[in-house]
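Here is what each chain is made of, one letter per residue.
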Amino acid sequence: MYILGLDCGGTASKALLATGDGHVLGYGDGGPANYVVNGVDGVVRSALQAMQGCLTQVPLDLPALQDQGVYLALGVSGAGRELEMNDVQQAFQTVGFDQVVVSHDAAIALLGALGGADGVVVIAGTGSIAYGLEKEQSTRIGGWGYLLGDEGSAFWIALRALQQVMWGFDGRTRQDPILYGAVQEYFEVSDAAQLVPLLYQTPLNRGNIGGFSKEITRLAHQGHGFSQEVLAEAGRQLGNLAVAALRNLGLVEKNGRVGVSGGVFAAGQWVLPFMQEQIWQVAPNQTLTLPDFDPAAGAVLMAARHFQLDMERVAAGLRRSL
């Protein structure tokens, strides 16, 4: 038997093929697979594309894989309700997968970040969300999108910077020439007013706007004070998400780990210490850690848990081969 784990995200999909004991055979990449945006057909199409990438690395095609037996586990962005997960499950059963388990993408991020253990993970990419699991109890904090939430996310960081530029443009604060120059170069504008149509276009390109957060990280490394302050506040906001999840699960007095996942954490020293400080104010025995595995490996662990395989053996196989 094989295990096939899929991380189906809004920007891209990633597949990981492993043996039944967690030895990795191949990785593959596919297109966007958000259930709400791309629909169930789009999820299937992108997932199959990612699977094919795996299969080119082993002497198997998809029918042969299905004939020999495979546990398929998918974490699908935008599929947070039972009805949506059932829809995805049935779609993959229709294309020949007998053993299928589907969850939302936060669940596989948690399993990957903590190596299959229960606890809390904070995900901060274009958006932000915290997800926690303790025995049979789960909790979700945030994830309400860029209008109602996404605190500490790449989009949130970029928006703080763009607001600062607009305040400088108005004269409400001193214009920061370093920040303004970075905005002009990244968004290819000569004047701050030209940002308005970019920020209010429909559909909004949240990924492109959130991508500016990488420039904020670059400026922070160069000693830019405002960028350092924005990233520190992002860390505190992400820490608040973790604290709420820990509270909901009754974990604030217990020893444990809080995992992280997502591109915002590439900012490292400008985000993580402030996030840890926020957590320690309420949960002094919870330690912030970088992920053990990526979400695709988390999907492999989800398959092991759901289909009652030897979790420790699968996790050990992943560690040896990744």
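All of the points below concern the structure found in this document.

Rules of the game
- Residues numbered from 1 in each chain as written.
- Predicted model: local features only at pLDDT ≥ 70, side-chain atom pairs only at ≥ 80, totals over all residues.
- Heavy atoms only, no water.
- Helix = DSSP H or I, 4+ residues; strand = E, 2+ residues; numbered from the N terminus.
- Rg over C-alpha atoms; globule rule 2.2 N^0.38 Å.
- Buried < 20%, exposed > 50% of the residue type's maximum accessible area, 1.4 Å probe, protein only.
- Contact = heavy atoms within 4.5 Å.
- Areas by Shrake-Rupley, 256 points an atom, 1.4 Å probe, with all protein chains shown as cover.
- Lys, Arg positive; Asp, Glu negative; His and termini not counted.
- Charge placed at Lys NZ, Arg CZ, Asp CG, Glu CD.
- Pairing = 2+ DSSP bridges.
- Axes fitted to C-alpha atoms, helices over the stretch in contact; angles between N-to-C directions.
- Core = buried A, V, L, I, M, F, W, Y, C linked by side-chain atoms within 4.5 Å.
- Phe/Tyr/Trp six-rings, centres within 6.5 Å; stacked < 30°, edge-to-face > 60°.
- Lys NZ or Arg CZ within 6 Å of the ring centre and 35° of its normal.
- Salt bridge = Lys/Arg side-chain N within 4 Å of Asp/Glu carboxyl O.

1. Let's talk about the overall build of the protein chain
Here comes step 1: Counting secondary structure elements, the protein chain contains 14 helices and 10 strands.
Here comes step 2: Relative to a compact globule of 322 residues, whose C-alpha radius of gyration would be 20 Å, the protein chain shows 21 Å and is just as compact.
Here comes step 3: In the protein chain, which comprises 322 residues, the proportion classed as buried is 54%.
Here comes step 4: Of the contacts made within the protein chain by residues no fewer than 6 positions apart, 66% connect residues no fewer than 24 positions apart.
Here comes step 5: Surface exposure of the protein chain reaches about 14,500 Å², of which carbon and sulfur atoms provide 50%.
Here comes step 6: Across the protein chain, the mean location of the 19 positive side-chain charges is 5 Å away from that of the 30 negative side-chain charges.

2. Digging into the sheet that holds strand β1 (residues 2–8)
Here comes step 1: The five strands are arranged β3-β2-β1-β4-β5 in an open sheet whose pairing can be described as mixed. Each of the sheet's edge strands pairs with one partner strand only, and the pair in question is β3 (24–30) and β5 (99–104). This sheet shows a mean twist of 15° between the axes of neighbouring strands, independent of strand direction.
Here comes step 2: Alignment of strand β4 (residues 70–76) against β5, held across six bridges, turns out to be parallel. By the bridge assignment for β5, Val76 is matched with His104.
Here comes step 3: Helix α13 (residues 295–306) rests against β1, β2 (13–19), β3, β4 and β5 of the sheet, and its axis sits at about 130° to β1.

3. Details of the nonpolar core
Soluble, globular proteins show a tendency: their nonpolar side chains are buried together.
Here comes step 1: Among the nonpolar cores identified, the biggest contains 53 residues, and Val122, Phe212, Leu238, Phe265 and Ile279 are the most heavily contacted of them.
Here comes step 2: Residue assignment for this core shows that the elements contributing at least two residues are β6 (119–124), α6 (154–170), α7 (177–187), α8 (195–199), α10 (213–221), α11 (225–248), β9 (256–261) and α12 (272–280).
Here comes step 3: The dominant element in this core, judged by the number of residues it contributes, is α11, at 10 residues.
Here comes step 4: Dropping the residues within four chain positions of it, Phe212 is found in contact with Ala158, Ala161, Leu179, Ala182, Val183, Tyr186 and Phe187.
Here comes step 5: In this structure, Leu17, Val44, Ala50 and Ala79 belong to the second largest nonpolar core, which totals 32 residues.

4. With respect to helix α4 (residues 105–113)
Here comes step 1: With respect to burial, α4 is a largely interior element, eight of its nine residues being buried.
Here comes step 2: For α4, the full list of buried residues reads Ala106, Ala107, Ile108, Ala109, Leu110, Leu111, Gly112 and Ala113.
Here comes step 3: Just past α4, the residue Gly115 takes up positive phi, approximately 65°.

5. A few points about the packing of aromatic side chains
Here comes step 1: Tallied over the entire structure, the rule returns six aromatic pairs.
Here comes step 2: Centroid distance Phe92 to Phe97: 6.3 Å. Interplanar angle 65°. Geometry classified as edge-to-face.
Here comes step 3: Counting every residue linked through ring pairs, the aromatic cluster contains Tyr186, Phe187 and Phe212.
Here comes step 4: For Lys14, the ring lying beneath its charged end belongs to Tyr27, and the centroid distance is 5.3 Å.
Here comes step 5: Its guanidinium or amino end placed over the ring of Trp144, Arg140 lies 4.3 Å from that ring's centre, counting from NZ or CZ.

6. Considerations on the pairing of β2
Here comes step 1: Within β2, six of the seven residues are buried, which leaves it mostly tucked inside the rest of the structure.
Here comes step 2: Counting the residues in the hairpin turn of β1 and β2 gives four residues.
Here comes step 3: Pairing between β2 and β3: six bridges, direction antiparallel. From the neighbouring strand, Lys14 faces β3, where its bridge partner is Asp29.
Here comes step 4: From the end of β2 to the start of β3, which pair antiparallel, there are four residues, and Gly22 there has a positive phi angle of about 90°.

7. Here we look at the pattern of salt bridges
Here comes step 1: Summed over all chains, the structure comprises nine salt bridges.
Here comes step 2: Here Asp294 ties to Lys14 by a salt bridge, and the two come within 3.9 Å at their closest N and O atoms. Remark: Lys14 occurs in strand β2 and Asp294 occurs in the loop between β10 (286–289) and α13; sequence separation between them is 280 residues.
Here comes step 3: Judged by relative accessible area, Asp294 falls into the partly exposed class, the value being 25%.
Here comes step 4: Taking the relative accessible area as the measure of exposure, Lys14 reaches 32% and is therefore partly exposed.
Here comes step 5: Among the ionic pairs, Asp292 bridges to Arg319, the shortest N-O distance being 3.9 Å. With a gap of 27 residues between them, Asp292 in the loop between β10 and α13 and Arg319 in helix α14 (residues 311–321) connect regions that are remote in the sequence.
Here comes step 6: Salt bridges here are not isolated pairs; linked through shared partners, they connect Arg257, Asp292 and Arg319.

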